Amino acid sequence: MLVLTRSKGQKIMIGNDIVLTVVEVNGDQVRLGIEAPSSVAVYREEIYRSIKEQNEFASMESLSTEEWKEISDSIKKR
């Protein structure tokens, strides 16, 4: 893992076409701006995990209505 120190307004380049900008630092929270081509999906980790989990469930053999409800309820609680 590469660890960098940046201040508000400074940027980090990833490859030729992805730019991370430090928008705001407030205590232990950092707001980042992300510029990336539309072909690059950008998600918060918890959203990415939820999408991945949903895709795994969707690829399973048919589930009962009750199983789908449990999955849906579990995702909504996050």
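Use the structure listed above.
Every value quoted in this text rests on a predicted model; they were computed, and no experiment measured them.

Further remarks concern the pattern of salt bridges. Applying the stated criterion across every chain yields a total of four salt bridges. The closest approach of N and O atoms between Glu 24 and Arg 31, which form a salt bridge, is 3.3 Å. On the basis of relative accessibility, which here comes to 53%, the residue Arg 31 falls in the exposed class. In this structure, Glu 45 and Arg 49 form a salt bridge, with 2.6 Å as the shortest nitrogen-oxygen distance. One end of the pair is Glu 45 and the other is Arg 49, both in helix 1 (residues 45-59) and four residues apart, which spans about a single turn.

Calculation criteria
Residues numbered from 1 in each chain as written. Predicted model: local features only at pLDDT ≥ 70, side-chain atom pairs only at ≥ 80, totals over all residues. Heavy atoms only, no water. Salt bridge = Lys/Arg side-chain N within 4 Å of Asp/Glu carboxyl O. Buried < 20%, exposed > 50% of the residue type's maximum accessible area, 1.4 Å probe, protein only. Helix = DSSP H or I, 4+ residues; strand = E, 2+ residues; numbered from the N terminus.

None of this, on its own, says anything about what the molecule does.
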